[in-house]
Amino acid sequence: MLRAVPGASVVPQAKPAAPQQAAAPAVALPNRADSFKFAVLGDFGTGDRAQYQLGEQMAKLLARFPFELVITVGDNIYGGERPQDMKKKFEDPYKPLLDAGVKFYASLGNHDDRAQSRYKLFNMEGRTFYTFKAPKEDVRFFALESDYPKPEQIAWLERELDNANEAWKIPYFHHPLYSSGDRHGSHVELREVLEPLFLKHGVTVVFTGHDHVYERIKPQNGITHFVAGSGGKLRRGGLDRKTGLTAVGFDTEQVFLGVEIDKDQLFFNAISRTGAIIDSGIIERRKEPQP
Amino acid sequence: MMTGRDASVRFLLPAAGIIVALAVTSAHQQRVNPQAKALATFQETVKKYVELHEQLESKIADLPKEATPAQIDQRQRALAALIQEARKGAVVGEIFDREARPYLRKLLYGIFAGPDGKRLRMSIQEENPGEVVKLRVNGRYPDTIPFSTVPPQVLRNLPPLPEQLEYRFIDRTLILLDAHAHIIVDYLTGAVPR
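Summarised in this report is the structure supplied together with it. In this text, all values refer to a predicted model and were calculated from it rather than measured experimentally. Every chain is numbered on its own, with residues counted from 1 as its sequence reads. Here the convention is simple: chains get letters from A, ligands get numbers from 1, in the order in which they are written. Reporting of local features is limited, given that this is a predicted model, to residues whose pLDDT is at least 70; pairs of side-chain atoms are given and counted only at 80 or more, and all residues count toward the totals for whole chains, interfaces and linings. As a rule here, side-chain values cover all heavy atoms of the structure and leave hydrogens and water aside.

If you add up the space inside the largest pocket, you get close to 410 Å³. Lining the largest pocket are 16 residues, with A:A115, A:R118, B:E57, B:E163 and B:H180 positioned closest to its centre. Counting from the N terminus, the helices are the DSSP runs of H or I reaching at least four residues and the strands are the DSSP runs of E reaching at least two. Per-element tally for the lining of the largest pocket: the top contributor is helix α3 (residues 69-86) of chain B, with three residues. Note on definitions: the grid is 1 Å and covers protein atoms alone; a cavity is a set of points where a 1.4 Å probe fits but cannot get out; a pocket is an open set with protein on both sides within 12 Å along at least five of seven lines; lining residues have an atom within 4 Å of a point. Grid points are joined across faces, edges and corners, and a volume is the space filled by probe spheres set on the points.

The structure is reproduced here in structure tokens:
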């Protein structure tokens, strides 16, 4: 399914100095006029310098690649969530994006107060799980609350996936179904519930966080899983290199993803705090299984 | 609804039913399991707290779907003030009472001593630096300390909670958090082994 992903088995070695690059040249985001462009950010709301620096990289990308929205994969705010905290940990670091009209669509992580679902800039409208159609291309997102996957939510998800006519169905949530993070790792119980639904409904990519690293998982049953859990937090050397799951992993700098969907292709760049493209590639859309 | 983050398996939890079943006096022995009795009492105390919470929460306006941080904070503090007034004089151990405490500690120690115990402790300690903070029943949860992870292996074994309450950890202490009011309802020290 993946192609043009150089260095697919490369796991950059942890070094304290400069970020490592994947071994081969990056695949550029094509930046086509009518494509749908978005970013993915997770585990970010620390208010510290590294978060701001990654925010600056997001603003730099926006200047040349006009993405319309950001999906967050949880742990949006660490610690206090008072008005001054929300400013320091969210509104200020992403001010250029917010000022440019980029919308954030949040999902919640284990460190988040559920009151965030009412925070207007997270566009959750009081819901802890929800779906929305992208403004362009044939794309629908499904923001899940993996802290609280009650039966009602699973039934809702199945119903919404059944009803969705969009070619691209993109779930995102906090806890990774597959991860080489040495702190948390794969969420096997959650996988047992969600993966069959994703397979049944032709899901091609899944975005998650939780482990404070960047990892692109080798396709699992045809689905590519991303762990984008280093949007502010970082666990240096936090990748377990023996899981056999990793296509590309990066655990020495903060990372976000820039993504572009054009018809049946999804292009991605994983961009570090220093602006290096540490992973990139093209993913072809999986076709929904015929009944 | 149960509460506590990282609760990816709450849909698998039959705990409430188990507790009720355990609390029933054995037909043969005509004897109450003290552990089940302690849990049943804990559940009843939680229920009473939630009734109070709901009664007080009904007095304040609901948040709009698109609120500002100030609106969220003000509502949280307004609810906290009502609860703090209603529970004036509340002390540690009112909900984690003397019967429940040893059982909960034993339960948690059992989990943390298990094969995955070290990893679970590390997971809880992430973003939970073990700062020395003075905990106060009915006091605001410290704004400097991120909510801890509560791994599913831990959560599935703890008595289930309604949506208004969550389990959290600060250092080795188990916190019962009012998630809407952001206050500490009760706490249990020594809940996690060193």
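The next subject is the interface of chain A and chain B. Note on contacts: a residue pair qualifies if any of its non-hydrogen atoms lie within 4.5 Å across the two residues. Opposite the 42 residues of chain A that make contact, chain B presents 43 residues. Roughly 3400 Å² is buried in total at the junction of chain A and chain B, and carbon and sulfur atoms are behind 51% of that figure. Note: buried area is the sum, over both parts, of the accessible area (probe 1.4 Å) each one loses when the two are combined. For chain A, the biggest contributors to the area lost against chain B are A:R118, A:Y148 and A:R183; these three give 20% of the whole. Think of a salt bridge as a Lys or Arg side-chain nitrogen and an Asp or Glu carboxyl oxygen that are within 4 Å of each other. Across the chain A-chain B interface, the total number found is four salt bridges. Here B:R156 and A:E189 are joined by a salt bridge, their closest N and O atoms 2.4 Å apart. The term polar contact refers here to a pair of N or O atoms within 3.5 Å; inside protein, the definition further demands a hydrogen-donor-capable atom paired with an acceptor-capable atom, and it admits residues adjacent in sequence only when both atoms are side-chain atoms. Linking chain A with chain B are 14 residue pairs in polar contact (both at pLDDT 80 or more), by the criterion used here. Contributing elements (two or more residues each) for the side of chain A that touches chain B: α2 (83-91) and α5 (188-200) of chain A. Residue composition of the side of chain A that touches chain B, by class: ten nonpolar, 16 polar and 16 charged. Lys, Arg, Asp and Glu make up the charged group, whereas Ala, Val, Leu, Ile, Met, Phe, Trp, Tyr, Cys and Pro make up the nonpolar group; the residues left over, Gly among them, are polar.

Residue and element names in this part refer to chain A. Following DSSP output, two strands are said to pair if at least two bridges run between them. Two strands pair when backbone bridges link them, and strand β5 (residues 130-133) and strand β6 (residues 139-143) are joined in this way by four bridges, in the antiparallel orientation. When the bridges of β6 are listed, F132 appears paired with F141. Count of turn residues in the β5/β6 antiparallel hairpin: five residues, of which E137 carries a positive phi of about 60°.

Relative accessible area decides the class of each residue, using a 1.4 Å probe on protein chains only: under 20% of the type maximum gives buried, over 50% gives exposed, and in between gives partly exposed. When we look at burial in α2(A), the residues that qualify are A:D85, A:M86, A:K89 and A:F90. End-on, the buried residues of α2(A) take up no more than an arc of 95°, which puts them together on one face. Taken together, the buried residues of α2(A) touch α1 (49-64), α3 (95-99) and β4 (103-106) of chain A together with α3 of chain B. What the arc covers is the set of directions going from the helix axis to the C-beta atoms.

Ring pairs (aromatic) are described by centroid distance and by the angle formed between their planes. Residue and element names in this part refer to chain A. Any two rings among Phe, Tyr and Trp, with Trp reduced to its six-membered ring, count as a pair given centres within 6.5 Å; such a pair is stacked if its planes are under 30 degrees apart, edge-to-face if over 60, and tilted if neither. Counted under the stated rule, the structure contains 22 aromatic pairs over all chains. Taking 4.8 Å as the distance between ring centres and 75° as the angle between the ring planes, the aromatic pair formed by F90 and F122 counts as edge-to-face. Residue F90 is located in helix α2, and its partner F122 is located in the loop between β4 and β5; the two are separated by 32 residues in the primary sequence. There is no split in this pair, since F90 and F122 are both buried. Measuring from centroid to centroid gives 6.0 Å for Y130 and F132, while their planes differ by 20°, and the two rings are stacked. The burial state of Y130 is the same as that of F132; both residues are buried.

Residue and element names in this part refer to chain A. As for its position among the elements, S35 is in the loop between β1 (2-3) and β2 (36-41). In this structure the side chain of S35 is engaged in a polar contact, spanning 3.0 Å, whose partner is the side chain of K37. Contacts of S35, omitting those with residues within four sequence positions, involve K136, E137, E260, I261 and D262.

Here the focus is the packing of helix α4 (residues 151-163) of chain A against α5(A). All names here are of chain A. Each axis is a line fitted through C-alpha atoms, and for a helix only the stretch in contact is used; angles between axes span 0 to 180 degrees, taken between their N-to-C directions. Relative to each other, α4 and α5 sit at 10°, their axes nearing to 10 Å. Between α4 and α5, the angle falls in the class roughly parallel. Two secondary-structure elements touch here, α4 through I154, L157, E158, L161 and D162 and α5 through V193, L194, L197, F198 and K200. With respect to orientation, any angle under 35 degrees is reported as roughly parallel, any angle over 145 as roughly antiparallel, any angle of 65 to 115 as roughly perpendicular, and every other angle as oblique.

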